[in-house]
Amino acid sequence: MATSASASLSKAVKQQYMALPQGDKVQAMYIWIDGTGEGLRCKTRTLDFEPKCIEDLPEWNFDGSSTYQSEGSNSDMYLIPAAMFRDPFRKDPNKLVLCEVLKYNRKPAETNLRITCKKVMEMVEDQHPWFGMEQEYTILGTDGHPFGWPSNGFPGPQGPYYCGVGADKAYGRDIVEAHYRACLYAGVQICGTNAEVMPAQWEFQVGPCEGINMGDHLWVARFILHRVCEDFGVVASFDPKPIPGNWNGAGCHTNFSTKEMREDGGLKAIEDSIEKLGKRHRYHIRAYDPKGGLDNARRLTGHHETSNIDEFSAGVANRGASIRIPRSVGQEKRGYFEDRRPSANCDPYGVTEALIRTCLLNEEGDEPADY
Amino acid sequence: MATSASSKLNKAVKQQYMALPQGDMVQAMYIWIDGSGEGLRCKTRTLDSEPKTIEDLPEWNFDGSSTYQSEGSNSDMFLIPSAMFRDPFRKDPNKLVLCEVLKYNRKPAETNLRHSCKQIMSMVENNHPWFGMEQEYTLLGTDGHPFGWPSNGFPGPQGPYYCGVGADKAYGRDIVEAHYRACLYAGVKICGTNAEVMPAQWEFQVGPCEGINMGDHLWIARFILHRVCEDFGVVASFDPKPISGNWNGAGCHTNFSTKEMRDDGGLKVIEEAIERLSKRHRYHIRTYDPRGGLDNARRLTGHHETSNIDEFSAGVANRGASIRIPRSVGQDKKGYFEDRRPSANCDPYIVTEALVRTCLLKEEGEEPTDYSK
């Protein structure tokens, strides 16, 4: 069986312990992004009180040489609490605390993309930029093979699985259901789920979130997904092309709008933005996966409802384009647009920042401006 | 083992998560019929308050190129909420929302047969047409073989299984029991169940439903069945002849009456309706499965309690006829009749529409009348 040994431990025994009262003590699980820019790490501390806001949470530190983030001889790195959520695993009053990472000299760690994202978002606060991100992922067994697939082969071809129902169509719905509820409890702005085109592939959507919240909510939603899968004994993969060949990849389509775009006649602002994006394709591709475009190169082929990585395109209701304008937006002449290029393993801080820089701060060229 | 990997995931773990409070947030699962006319699809959205009526639910859209419904270059299709039910999987306050599908130009999608059915039903409201549909289905393992059958063979011949009890007679009763309760919770008008003649084959009945409700309730009952089977790790098939040879097929016998038929002396009206049906056999056969009769051709052989697909027949208490008048109706001289021709994978919207067109709107000939002119 492709589920983990941990998943076979007695959950009734565990429940006995989790039901023990904890008095005034509160467990705060600090979460951060490691040196890969994709991996999440976590550790917990006890507090004597329930934190009511992020300012109540103290700074902490960790050993960066064990997370691909520093040398052993000078390995302390700082954890700066950035966003707090209810803990759906340990439940109230315990918390999940998303943190920024600083190096020993208190400069941002290489994979701390939140810090510049926050600055850029503050520059455009009065435009009220909203985001919605569609996070696709694949469930794998501990053997690395997609969950529910025959161990030595493949399921029938794609076609019946998208939004499907039935044991021969939907593989692993329990994970999706558990994740949805956990996110709602935690306060993550999860707005929907659906089964995806490849069997064992799923999607959830987070948003609409304004500014820095998009990155915060998506990272915590990802953490919750990993933790839920761990409980079930399977693995969530954000690899953009887990199975080569005639099988869909996994993206993180990013929907974006400003107050201007959402108001009457906003379609013009949308078209202006797309015009600017059309001139800066390479910069965005670099920002849209953790390997400067190498990961997305396996996914953005022009097939399987993707655009080709070397070409920029846009169109109404066109799922083969880089940018898609939803049909309803084309009709109402206002709303939002969808950038279909980001990879499933993108950093949402980097993605949302890039959209602001190009569309609202009118940047051009291959490099981001230094403000 | 012929059950899915998903069904072996730890349900106690899942239950922990499903018990988490959700505040004011509500999950609405939108359900629609895909391009095959048989398959169901679903996706969920969060609402920030509980919808009380169907009007509270917003329109939505989806990618029709992934459901055999449109091209990738112009793939957006609209979901229009049509009927709302309680969600027996996520429970209150969450909802199941059956939707109609519109194309990008807001015309009904090819397999959106509800649109026209609703129009027809609204033309005959005063007749109060009631329907009851008897949905047969077969349980299969994930290997595609009927559930509980020996993996490389067959059970003993039909005879002991119909309404049977015992591990050697009834295969998969858990699914039936779970489905029944889920439908009752959801508000689906399920009125009964029984084990069928072929082992691993079952039947549930939905009704009496008036007008458009028949199609709505039956489609949701089917969705709930697929979802229950998914949880158990088996598959529900509505194929009309899953195993060829001396094994029963699966139908969706449709019981029909109007207020006039249910009133004293209604038998005369029933006989008139059957007379009209007898003159329009080919039109009805075309509407009684999603392939214009090709699916039913494998089932309606004249054997195994079916009529022959090429001949129309009717009779009191006759299960080999196209139309059966129940004996009690023959005696009371009022009631309803049973059309035994629809296939298990029929679309109930067009089945009920066809009955109304022929029997109440008195249409004739091979084509349905276009009332928009």
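Structure first, text after, so check above.
Residues numbered from 1 in each chain as written. Chains lettered and ligands numbered in written order. Predicted model: local features only at pLDDT ≥ 70, side-chain atom pairs only at ≥ 80, totals over all residues. Heavy atoms only, no water.

Q: Describe the sheet that holds strand β3 (residues 60-63) of chain A, with residues and values.
A: Residues and elements named next belong to chain A. Taken in spatial order, the 5 strands line up as β2-β1-β5-β4-β3 in an open sheet, and their pairing is mixed. Either end of the sheet is taken by a strand with one partner, and the two such strands are β2 (40-47) and β3. Across the sheet, the axes of successive neighbouring strands diverge by a mean angle of 40 degrees, strand direction being ignored. Packed onto the sheet, helix α4 (residues 213-232) meets β1 (26-33), β2, β4 (76-86) and β5 (95-102) and runs at close to 115 degrees relative to β5. (Pairing = 2+ DSSP bridges. Helix = DSSP H or I, 4+ residues; strand = E, 2+ residues; numbered from the N terminus. Axes fitted to C-alpha atoms, helices over the stretch in contact; angles between N-to-C directions. Contact = heavy atoms within 4.5 Å.)

Q: Can you break down the nonpolar core residue by residue, with the values?
A: Y137(A), I175(A) and I224(A) are the most contacted members of the largest nonpolar core, which totals 78 residues. With 11 residues, α4(A) is the single largest residue contributor to this core. Inspection of this core shows a minimum of three residues originating in each of domain 1 (7-110) and domain 2 (121-360) of chain A. Once you skip the residues sitting within four places of it in the chain, I224(A) turns out to touch P88(A), F89(A), L96(A), H179(A), A182(A), C183(A), A186(A) and V188(A). L98(B), A182(B), V269(B) and A354(B) belong to the second largest nonpolar core, which has 71 residues in total. (Core = buried A, V, L, I, M, F, W, Y, C linked by side-chain atoms within 4.5 Å. Buried < 20%, exposed > 50% of the residue type's maximum accessible area, 1.4 Å probe, protein only. Domains from an automatic or database assignment.)

Q: Please provide a residue-by-residue account of the pattern of salt bridges, values included.
A: Applying the stated rule across the entire model yields 62 salt bridges over all chains. Measuring nitrogen to oxygen at the nearest pair gives 2.8 Å for the salt bridge that ties E59(A) to R106(A). Separated by 47 residues along the polypeptide, E59(A) in the loop between β2 and β3 and R106(A) in the loop between β5 and α2 (114-123) bring together distant segments of the chain. Given a relative accessible area of 42%, R106(A) falls into the partly exposed group. One salt bridge in this structure joins K14(B) and D174(A), with 3.2 Å as the shortest N-O distance. With K14(B) in helix α1 (residues 11-18) and D174(A) in helix α3 (residues 173-186), this pair bridges two chains. An identical accessibility class is assigned to K14(B) and D174(A); each is buried. Residues joined by salt bridges that share partners form a network here, namely R319(A), R324(A), E338(A), R340(A), D63(B) and D76(B). (Salt bridge = Lys/Arg side-chain N within 4 Å of Asp/Glu carboxyl O.)

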